[in-house]
Amino acid sequence: MLSKRAQLLKPSPILMLAAKAAEMKASGLDVVSLTIGEPDWGTYEPIREAAIAAIREGRTKYTPPAGIPELRKAVAAQVSADLGIPYEPADITVSTGAKFVLFSALQAIIDPGDEVILVAPFWASYTTMVELAEGAPKIAACDAASNFKLTPELLRRALTPKTKAVLLNSPSNPTGMIYSNEELRALAAVLKDHPRVVIISDDIYNRLVFASKGEVAPHILRAAPELRDRVVALNGASKSYAMTGWRLGWAAGPREIINAMSNYQSQSVSCASAISQYAALEGLRLGETDIAKTRQLLAQRYDFIAGELAKIPGLKVCEPQGAFYIWLDVSAHMGKTASVGGRPVKLTTTTEMAEALLEERQVAVVPGIEFGLDGYFRLSFALENSKAKIACDRMKAFFESLK
Ligand SMILES: Cc1ncc(COP(=O)(O)O)c(C=O)c1O
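The residue count restarts for each chain, going from 1 along the sequence in the order it is written. For a predicted model such as this one, the threshold for reporting local features is a pLDDT of at least 70, and the threshold for listing and counting side-chain atom pairs is 80 or more; totals across whole chains, interfaces and linings nevertheless cover every residue.

Peer 1: What's the story with helix α5 (residues 97-109) in this structure? I'm lost.
Peer 2: One full turn of an α-helix is made of 3.6 residues, so residues set three or four places apart face in the same direction. Compared with the 18 Å implied by 1.5 Å per residue over 13 residues, the 19 Å span of α5 between its first and last C-alpha is a close match. In this scheme the burial state of a residue depends on its C-beta neighbours within 10 Å: 20 or more other such atoms mean buried, 12 or fewer mean exposed, and anything in between means partly exposed; the C-beta positions come from the backbone. Starting at the N terminus, helices and strands are each numbered in turn, a helix being any DSSP run of H or I of at least four residues and a strand any DSSP run of E of at least two. Within α5, 11 of the 13 residues are buried, which leaves the element mostly enclosed by the surrounding structure. What α5 keeps buried is the set G97, A98, F100, V101, L102, F103, S104, A105, L106, A108 and I109. Take the number of residues in a helix, subtract one, and multiply by 1.5 Å to get its expected span.

Printed below as a string of structure tokens:
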């Protein structure tokens with residue numbers, strides 16, 4: 001009965017793992033989940049109040065497909081300040097989360113067989129989204145030697161006459177690594193020789209930079225403003241304003257692409273929730289003070305969890321510069337045997353390792369293979385230190401028990 005497209009579809013493995021952990025919790029097990037990429041603190045108070053006011057005042061109707069004019073204006077102002085290039089409201093489209101905005105960007109630019117360069121390790125949804133647009137993911141495999149970042153050499157090797165787009169993500173999910181201005185300039189120098197290639201920059205974590213005093217992460221358009229006509233910059237309210245469930249994201253880019261995305265959105269979801277749009281508008285107006293507190297909180301939580309992980313033999317933390325993930329090298333334990341429900345299980349992949357950890361010690365993590373590179377776990381540290389402590393104690397017991 002199913003279309004080829006539906007047969008291609010895998011459910012998001014991260015959401016599945018999170019669901020399995022929630023199921024175990026519901027059955028009475030005391031599970032600690034380090035899986036999901038979402039803040040554990042609430043949406044900031046003024047944002048919630050703005051949403052309530054929108055409901056009370058009846059601002060609850062369909063909106064234009066590209067978003068309410070006030071929000072597009074506020075996003076244009078923020079993007080202009082972040083990227084150092086002027087953007088107008090007409091250069092902005094708003095929709096239901098950065099995830100769908102990325103989906104519509106790919107639908108707008110990809111023809112069957114077009115290649116999209118993805119930098120591994122990458123956010124798990126990228127490959128499926130490219131495939132759903134009938135494009136071909138072209139993986140540029142990075143490793144610890146380049147801090148899991150794309151280098152000019154790797155980019156050159158991945159580019160072919162079929163390349164339509166390259167997808168960058170900084171700070172990165174899953175590694176938390178940030179490209180420096182110089183690194184971005186070097187990538188831009190390669191891309192200058194490939195004028196047909198669109199650059200999609202997923203900037204969803206750009207305000208969550210630990211060392212920041214208010215400035216956002218470096219951006220390819222700051223490094224090379226001359227690429228403006230072919231960069232689509234994605235962002236949204238989920239991570240910066242703790243608004244994951246409100247489903248609100250946006251893109252800034254060349255008007256031709258932005259208009260095509262808005263048309264795609266108008267024929268699929270119509271528009272983002274009106275209430276979420278008014279709420280995000282308040283975030284853009286007032287959010288920076290709360291974000292500064294969030295950055296501090298994340299830096300403290302990172303120090304805490306990194307200290308606990310350091311007590312576990314054989315693990316190596318790849319120190320993140322932003323976002324809220326730890327990319328944990330567990331390769332020293334691959335090939336060992338765990339006892340799962342009394343049975344010996346050889347751990348040849350991180351999927352098996354994560355399953356054994358969940359079954360035996362009730363700690364949920366995401367195996368690195370889901371991000372295109374095995375030998376690592378991704379841990380989210382957007383959780384209280386007391387929970388992180390329990391998770392690390394259990395992980396210590398788990399890894400020490402391996403034979
Ligand atoms: C790298 C990256 N991009 C985009 C998104 C999408 O965010 P949202 O759809 O909640 O705006 C996420 C969420 O986890 C992400 O990690």
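That was the structure; now back to the text.
Peer 1: Before we go on, may I ask you to explain the domain arrangement of the protein chain in this structure?
Peer 2: One widely used convention gives an interface's size as the accessible area the parts lose upon coming together. Delimitation of the domains relies on an automatic or database domain assignment. Splitting the protein chain by domain gives domain 1 (4-42 + 290-401) and domain 2 (62-286). Each residue is represented by a C-beta atom placed from its backbone, and any two residues with such atoms within 7 Å are regarded as in contact. Taken together, the contacts link 32 residues of domain 1 with 30 residues of domain 2. Elements supplying a minimum of two residues to the side of domain 1 that touches domain 2: α1 (4-8), α2 (13-26), α12 (288-309) and β10 (325-329). Lys, Arg, Asp and Glu make up the charged group, whereas Ala, Val, Leu, Ile, Met, Phe, Trp, Tyr, Cys and Pro make up the nonpolar group; the residues left over, Gly among them, are polar. Looking at the side of domain 1 that touches domain 2 residue by residue, the class counts come to 19 nonpolar, 7 polar and 6 charged.

Peer 1: Just to check I follow, could you spell out the environment of L102 for this structure?
Peer 2: Mapping L102 onto the fold places it in helix α5. Look at L102 and you get buried, because 26 C-beta atoms sit within 10 Å. Between the C-alpha atoms of L102 and I199, which are 97 residues apart in sequence, the distance is 12 Å.

Peer 1: Which parts of the structure should I look at to understand unusual backbone geometry?
Peer 2: Among all residues except glycine, the phi angle is most often negative; among peptide bonds, the trans geometry is most common. Across the junction of A120 and P121, the peptide omega takes the value 0°, indicating a cis bond. Examined against the element boundaries, P121 turns out to sit in the loop between β3 (115-120) and α6 (125-132). Going from S170 to P171, the amide bond is cis rather than trans, its omega being -5°. When you line up the elements, P171 lands in the loop between β5 (163-169) and α8 (181-191). With a phi angle near 65°, F148 is a residue other than glycine that sits in the positive phi range. Of note, F148 is situated in the loop between β4 (136-141) and α7 (152-158).

Peer 1: Just to check I follow, could you spell out the packing of helix α4 (residues 69-83) against helix α11 (residues 274-286) for this structure?
Peer 2: For any two helices packed against each other, the geometry is given by the interaxial angle and the distance between the axes. Look at α4 against α11: their axes get within 9 Å of each other, and the N-to-C directions meet at 30°. By the criterion of interaxial angle, the relationship of α4 to α11 is roughly parallel. In the crossing of α4 with α11, the sense of the turn from one axis to the other is left-handed. Residues E70, L71, A74, V75 and Q78 of α4 form the contact with α11, whose participating residues are Q277, A280, L281, L284 and R285. A class-by-class count of the residues in the contact of α4 with α11 yields 6 nonpolar, 2 polar and 2 charged. The axes used here are C-alpha line fits, helices contributing only the stretch in contact, and every angle between their N-to-C directions lies in the interval 0 to 180 degrees. When describing relative orientation, an angle under 35 degrees is termed roughly parallel and one over 145 degrees roughly antiparallel, while 65 to 115 degrees is termed roughly perpendicular and anything else oblique. Handedness of a crossing is defined here by the sense of rotation of the near helix relative to the far one, left-handed for an anticlockwise turn of less than a right angle and right-handed for a clockwise turn.

Peer 1: Can you walk me through the nonpolar core in this structure?
Peer 2: Note that soluble globular proteins tend to have their nonpolar side chains buried in a common cluster. Among the nonpolar cores identified, the biggest contains 131 residues, and A105, I199, I220 and A251 are the most heavily contacted of them. Per-element accounting of this core gives the leading share, 9 residues, to α5. Shared between two domains, this core holds at least three residues of each, these being domain 1 (4-42 + 290-401) and domain 2 (62-286). Beyond its immediate chain neighbours, meaning those up to four positions away, A251 contacts T93, V101, A105, V232, A233, L234, I258 and M261. The term nonpolar core refers to a set of buried Ala, Val, Leu, Ile, Met, Phe, Trp, Tyr and Cys residues connected through C-beta atoms within 7 Å.

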